[in-house]
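# Remarks on the overall topology
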Amino acid sequence: MKKYILSLAILAFTVAGARAQATLGIKGGINFSKINTDNVSESSVAGYQAGLFARVGNSWYLQPELYLGSRGGKFEGSTGGNSASASGKVTFTTLNVPVLIGRKLVSVGSLNVRAMAGPIYSYNLSENNKVNSVIADFGEYKNSTLGFQVGGGIDIGNITADLRYEGGLTKINERYGQRANLWALSIGFKIL
């Protein structure tokens, strides 16, 4: 699946790049993620993201990205509505590939205000699991997930800033309805 998403992003970048304005940049930022779980109290953990982005187009644009990030969640409570309990924290280091379609809403000189949305593929490179549960499979997670991102951004010259929400389309643990979601704030710089 990840080969198809990467191939699609490269193809779209190549085709659109031949006909439109293209930029390449670096980005980094913070996020606050949570893993929603049935019948357990969750709380957010802080994480990071750092990587590359490309933007192809002008008023409408395609923005594929590739970045490393961290995400996870904290748990406290009972699972499945019974007396079994789960508590602890899990964090993942992930490789993320969003492919966003965006639109400039306001463009005045070197100032642009944008909106964007699209799918994201995430692959877990490592896991730090400190979840204590009497149910053995509560803290067993998939290595890859699909999700969506939606958000807005602003460009001032070569500096760019984005605020996005990411929701999970696939569950990272099917049995307990666990889905990851996060809010991310990033700052970038267009290098080309």
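The structure under discussion appears in the preceding block.
Conventions we followed
- Residues numbered from 1 in each chain as written.
- Predicted model: local features only at pLDDT ≥ 70, side-chain atom pairs only at ≥ 80, totals over all residues.
- Heavy atoms only, no water.
- Helix = DSSP H or I, 4+ residues; strand = E, 2+ residues; numbered from the N terminus.
- Buried < 20%, exposed > 50% of the residue type's maximum accessible area, 1.4 Å probe, protein only.
- Contact = heavy atoms within 4.5 Å.
- Salt bridge = Lys/Arg side-chain N within 4 Å of Asp/Glu carboxyl O.
- Polar contact = N/O pair within 3.5 Å; in protein donor to acceptor, adjacent residues only side chain to side chain.
- Phe/Tyr/Trp six-rings, centres within 6.5 Å; stacked < 30°, edge-to-face > 60°.
- Lys NZ or Arg CZ within 6 Å of the ring centre and 35° of its normal.
- Pairing = 2+ DSSP bridges.

### Some remarks on the overall build of the protein chain
- In terms of helices and strands, the protein chain carries one helix and nine strands.
- Reading the helices (α) and strands (β) of the protein chain from amino to carboxyl end gives α-β-β-β-β-β-β-β-β-β.
- Of all 192 residues assigned to the protein chain, the portion counted as buried reaches 42%.
- Restricting the contact set of the protein chain to residue pairs at least 6 apart, pairs at least 24 apart contribute 66%.

### Side note on the pattern of salt bridges
- Tallied over the full model, the rule gives eight salt bridges.
- One salt bridge in this structure joins Asp155 and Arg114, with 3.1 Å as the shortest N-O distance. Separated by 41 residues along the polypeptide, Asp155 in strand S7 (residues 144–156) and Arg114 in strand S6 (residues 111–133) bring together distant segments of the chain. Each member of the pair Asp155 and Arg114 is classed as buried.

### Here's the deal with the side chain of Asn181
- The topology assignment puts Asn181 in strand S9 (residues 179–190).
- Among the residues examined, Asn181 registers a relative accessible area of 12% and is labelled buried.
- Residues contacting Asn181, with those up to four places away along its chain left out, are Phe32, Ser33, Lys34, Asn36, Tyr165, Glu166 and Gly167.

### Quick notes on the side chain of Thr160
- Here Thr160 lies in strand S8 (residues 159–168).
- The buried category is assigned to Thr160, whose relative accessible area is 4%.
- Polar side-chain contacts of Thr160 include one of 2.7 Å to the side chain of Asp155.
- Dropping the residues within four chain positions of it, Thr160 is found in contact with Phe53, Arg55, Arg114, Ile154, Asp155, Ser186, Ile187, Gly188 and Phe189.

### Focus: the packing of aromatic side chains
- Overall, the coordinates contain three aromatic pairs when judged by the stated rule.
- Each residue in the set Phe148, Tyr165 and Trp183 is aromatic and connected to the rest through ring pairs, giving one cluster.
- If you follow Lys27 out to its NZ or CZ, it ends over the ring of Tyr67, 4.8 Å from the centre.
- Lying across the ring of Tyr61, Arg55 places its NZ or CZ 5.2 Å from the centre.

### What about the pairing of S7?
- In terms of strand pairing, S7 meets S8 through ten bridges, oriented antiparallel. When the bridges of S8 are listed, Phe148 appears paired with Gly167.
- Hairpin connection of S7 to S8: two residues between the antiparallel strands, including Gly157 at a positive phi of 65°.

### What about the environment of Gly69?
- The residue Gly69 is located in strand S4 (residues 60–78) in this model.
- Along the backbone, Gly69 and Leu95 are 26 residues apart, and their C-alpha atoms lie at a distance of 6.5 Å.
- If we ignore the near neighbours within four places in the chain, the residues touching Gly69 are Tyr48, Gln49, Phe92, Thr93, Thr94 and Asn96.

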